[in-house]
Protein chains: 2
Amino acid sequence: MEEVREIRRLRSIAEILEWDQETYMPKKGVRVRSELLALAAGIAHERLVCDKMRGFVEGASADAGDFVAETNIRETRRTFERAANVPTDLVKELARMSSIAKDDWVAARKESDFSMFEPSLLKLVELKKQMAEHIGYRAEPYDALLDEFEPGATGRQIEGLFAELRDRIVTLLNRVKASAKQPDLTILNRSYPVPAQKLVSRRMAEALHYDFDAGRCDVTVHPFCCTLGGPEDVRITTRYVEKCLTPSLFGTLHEVGHALYEQGLPSEHTFTPCGEAISLGIHESQSRLWENFVGRSKPFWSFHWSSVKDAFPEALGEVSVDEFYAAINAATPSMIRVEADELTYNLHIILRFEIERGLFDGSLHAKDLPAIWNERMQKMLGITPKNDVEGCLQDIHWSMGGFGYFPTYALGNLYAAQFFAQAGEDLPDLADQIARNDNQPVLDWLRRNIHRHGQRYRAGELVEQVTGKPLSIDPLMNYLTKKLTPIYDL
Amino acid sequence: MEEVREIRRLRSIAEILEWDQETYMPKKGVRVRSELLALAAGIAHERLVCDKMRGFVEGASADAGDFVAETNIRETRRTFERAANVPTDLVKELARMSSIAKDDWVAARKESDFSMFEPSLLKLVELKKQMAEHIGYRAEPYDALLDEFEPGATGRQIEGLFAELRDRIVTLLNRVKASAKQPDLTILNRSYPVPAQKLVSRRMAEALHYDFDAGRCDVTVHPFCCTLGGPEDVRITTRYVEKCLTPSLFGTLHEVGHALYEQGLPSEHTFTPCGEAISLGIHESQSRLWENFVGRSKPFWSFHWSSVKDAFPEALGEVSVDEFYAAINAATPSMIRVEADELTYNLHIILRFEIERGLFDGSLHAKDLPAIWNERMQKMLGITPKNDVEGCLQDIHWSMGGFGYFPTYALGNLYAAQFFAQAGEDLPDLADQIARNDNQPVLDWLRRNIHRHGQRYRAGELVEQVTGKPLSIDPLMNYLTKKLTPIYDL
């Protein structure tokens, strides 16, 4: 297990290099940084696929009931088997290209010109296709990539789930659009001075018990949460837009949700599977639970409203808590995924899932991406991006080689809804507690039911274990319908 | 050579981890960080002492006149031979302890209590003693440590040089103390608002052609310069003291001097000896040259005075450039090395050299450090620190295991004086150029004579090569005497 830990320490080192690249690295540093990332990835890979590890994976067995050993062996085996046939050169080349492509993506965004990013994207898709062949898959190459982020998930399964989800969302969205009662969204786009936004974000993060002694918050183009050294160094980033309160407010709550999961993992198991998150979908369930199920709820705002109003007297002086609540929960088609409301957000994900799957089954070519993006936005959401920054350049994921990542966001919403419904049953005073700014009980519930287990369960097992039922679309749709009905008089 | 580069890339990765620890790492991150640093150091060491590298070191030869190959082979051999007998576990343990001890040092400083740092210091001295035995030395264990930072230097040689230097400094200092004319130092301790200090520091760094696209400036307890990815990622830190202008002003110029050396190394040789600095002494010559020989000169202030005066109208409104010039060049015994004037600075170094050498020859024990420090400060400088922060806890070096490091500071002053005297002969318009804020000619001179060579020459060879003479104390003493004579009417 010490060797397993060393490999994960190498990944942690790579995380630090990446965090630095996103936050503070000077512009010209990218050339050497890509070399360093390639080196770290190469060493980690070589140590993972060596004979020593093969011997461990083939020979190890756990005593019955020793779930720590069971989990560590099962997950180490999985990681080993995924990596065993992948050449180190490909791993290094991918690490190098991801670092370079990220820079190209930033440059392309600056000019709002997808063609500046296209060569890097093409190269990344090509490398990831090779990767998928080496990893192996049953139905389609895309499955091999998806499985990295959501173990066991397949393109076909997600396709089925998303088809039902899309239909039910579009039905609800059409009722919302047809309503005569519409929240006033302009109140969110007034002037919100950045220093006050910083104070509010900080206060919210503290209210949710994010431990700043074991983390910090910086500013990046694309906010993220990143674990740089076990539960004791879990950092988040956010962004501040003077003309809009929500990116920093809900962006921070979102990343804090991720961070609370990481800070809640058992530190005695750091750098082993028992000390790590299950999947990106489960991770996203934690961020969305805090951002939306808690952070956009009535009880939450019954407590925080007065201090937020005081922080922005010019923008919110004449606004009532009900108007604010309606605005932050409005369901309206919009361009940017990270700013989308809870209902339409999932449509953004479905769009990305279809496009990236198409890039890998050959039905879609990189050069056509802006056109296809815009066409499907129009079809699904009824709006068309006016440029690439508003369209296919908005997300960082593909520039980091993160194909198969997006579906986990919608899965996260489904998991979150099902978990939160269960938390509501287990904690009869939940709403009152949140309204008193007492967020400890729900955090404890998450720690107890989810965080402390590390990777003991797969995502689907955990959902059944915690809620007694398999994953379903119902909890999310029930929650959204219940929330939107009074706002829109449905 | 690719393997040589990979080992240096690993060191660069460690530098990034250390930079992050100094600047932005959350408090609780230290436990895991020390594990990561140990891992990186261990891997670098194992790759350095492996059979492949031994084969290269024993078998490699350069064509006559191929100085690139010659340098790379010579310096790789030196690094290999120093490391070959050192056990990896000791390297890892030292990296781990250094990271922990740095934190203890910060904590001890907070309480101004040396005893909180003593256990870590003891442990580090013990580990470094073991290290010296494994490396090997001719006269004394301390030489093995000194040689890491200043190749070829020995304790005995430094002892002789420092004895003469101390005598001549003390003689000059006594004349300065006896003078009836004394600069008004209080003008430097007025209120200097930090935001204005930041702007001034930035402007100065830009005036010296520090490339911010290949670097950045952050704030740390102990300012430093750090290369995180070849000449394209060279970062500095500084500190701001509201009640004193000089720490940020000259601290920044100092670190910029280091950074200009690193940014001037040939990027085609990054991660090989031809792309690296010669020694810490030569490095220090670059920082001191810019900080003092340029940055405290009359021509420099004839240009910068008006803008600095404008930046601090309350503190400097009634001050003349001559008063300011006299104050920043005053020679006065003081407690803190990094704030010491050019003359007494060297006495601070001699004190540290004697103490650390004593820790390694057994004539001095860690527990007696505060008492001995204070006693020798009194003897040499005539003043006694009132607590440990003002005394033996002021420097970070020992907490990082940097024994044998301090002497390179005084060597740097000597090198700088000799180089700057030569630059003055080679560039007849030097003073006028500096007075016009045209710092490019002197930078070009340094690039041409020093930076571009990487490690082609050893420090002593370079001095002879550039100035035509062996290293001497005369240029520094001539320069100081010439500068202090009018200020003190000597």
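Residue positions are given per chain, counting from 1 as you read along its sequence in written order. Written order determines the labels here, with chains lettered from A and ligands numbered from 1. This being a predicted model, a pLDDT of at least 70 is required before a residue's local features are given, and a value of 80 or more before pairs of side-chain atoms are given or counted; all residues contribute to the totals for chains, interfaces and linings.

Colleague: Just to check I follow, could you spell out the packing of helix H15 (residues 345–361) of chain A against helix H17 (residues 407–426) of chain A for this structure?
Modeller: Helix packing for two helices is described by the angle between their axes and how far apart those axes are. All names here are of chain A. Only C-alpha atoms enter the line fits that serve as axes; for helices the fit covers just the stretch in contact. Angles between N-to-C directions range over 0 to 180 degrees. The secondary structure listing takes helices from DSSP runs of H or I that are at least 4 residues long and strands from runs of E that are at least 2 residues long, numbered from the N terminus. Two elements in contact, H15 and H17, have axes whose closest approach is 8 Å; the angle formed by their N-to-C orientations is 145°. Handedness of the H15/H17 crossing: left-handed. Facing H15, whose interface residues are Asn346, Ile349 and Phe353, H17 presents Pro407, Tyr409, Ala410 and Asn413. Should the near helix be turned anticlockwise from the far one by less than a right angle, the crossing is left-handed, and should it be turned clockwise, the crossing is right-handed. By the criterion used throughout, residues are in contact when their C-beta atoms, derived from the backbone, lie within 7 Å.

Colleague: Looking at this structure, how should I read the domain arrangement of chain A?
Modeller: Interfaces are frequently sized by the accessible area removed from exposure as the parts join. All names here are of chain A. Partitioning chain A into structural domains gives domain 1 (2–120) and domain 2 (155–488). All domain edges in this entry derive from an automatic or database-based domain assignment. Placing a centre on the C-alpha atoms of domain 1 and another on those of domain 2 gives a separation of 26 Å. Counting residues per element, the side of domain 1 that touches domain 2 draws most heavily on helix H1 (residues 2–23), which supplies 10 residues. When the residues that make up the side of domain 1 that touches domain 2 are grouped by side-chain class, the tally is 12 nonpolar, eight polar and 10 charged. In this count, Pro and Cys sit with the nonpolar residues alongside Ala, Val, Leu, Ile, Met, Phe, Trp and Tyr, while Asp, Glu, Lys and Arg are called charged and the others, Gly among them, polar.

Colleague: I keep staring at unusual backbone geometry and nothing clicks. Help me out?
Modeller: In terms of backbone geometry, most residues other than glycine have negative phi values and most peptide bonds are trans. Positive phi is not limited to glycine here, since Asp489(A) has a value of about 50°. Within the secondary structure, Asp489(A) is located in the segment after helix H21 (474–488). Neighbour density around each residue's C-beta defines its exposure: 20 or more other C-beta atoms within 10 Å make it buried, 12 or fewer make it exposed, and counts between make it partly exposed, where C-beta atoms are placed from the backbone. Residue Asp489(A) is classed as exposed on the basis of its 9 C-beta neighbours within 10 Å. The backbone of Phe271(B) sits at a positive phi, close to 70°, despite the residue not being glycine. Relative to the helices and strands, Phe271(B) resides in the loop between helix H10 (246–263) and helix H11 (280–294).

Colleague: I tried to follow the sheet that holds strand E2 (residues 225–227) of chain B on my own but got confused; where do I start?
Modeller: Hydrogen bonds between backbone atoms are what pair the strands of a sheet, whose relative direction is either parallel or antiparallel. Residues and elements named next belong to chain B. If DSSP finds at least two bridges between two strands, the strands pair. With respect to topology, three strands assemble into an open sheet ordered E1-E3-E2, the strand pairing being mixed. Strands with a single pairing partner mark the edges of an open sheet, and in this sheet they are strand E1 (217–219) and E2. Recorded for the sheet is a direction-independent mean angle of 30° between the axes of neighbouring strands. Examined bridge by bridge, E1 and strand E3 (residues 234–238) share three bridges and lie parallel to one another. Its bridge partner lying in E3, Val219 is registered against Thr238. Across the face of the sheet, H10 comes into contact with E2 and E3 while running at roughly 170° to E3.

Colleague: Quick question: what am I supposed to make of the confidence of the model for chain A here?
Modeller: The predicted coordinates of low-pLDDT regions are not to be read in fine detail. Confidence scores per residue from the predictor, reported as pLDDT, run from 0 to 100. Looking at chain A as a whole, the pLDDT averages 95, with 100% of positions reaching at least 70. Across the interface, the model reports ipTM at 0.87; the global pTM reads 0.89.

Colleague: Before we go on, may I ask you to explain the relation of the copies chain B and chain A in this structure?
Modeller: Note: a rotation about an axis with an accompanying shift along it relates these two copies of the chain. Overlaying chain B on chain A yields an RMSD of 0.0 Å, the required transformation being a rotation through 180° with an accompanying axial translation of 0.0 Å. Seen this way, the second copy is the image of the first under a two-fold rotation axis. Least squares is the method used to superpose the copies, on C-alpha atoms of residues holding a pLDDT of at least 70 in both.

Colleague: Looking at this model, I keep getting lost on the interface of chain B and chain A. Mind explaining?
Modeller: Taken together, the contacts link 32 residues of chain B with 32 residues of chain A. Going through the elements one at a time, helix H1 (2–23) and helix H2 (30–48) of chain B are the ones with two or more residues in the side of chain B that touches chain A. It is H2(B) that provides the largest number of residues to the side of chain B that touches chain A, a total of eight residues. Grouping the constituent residues of the side of chain B that touches chain A by class yields 14 nonpolar, six polar and 12 charged.

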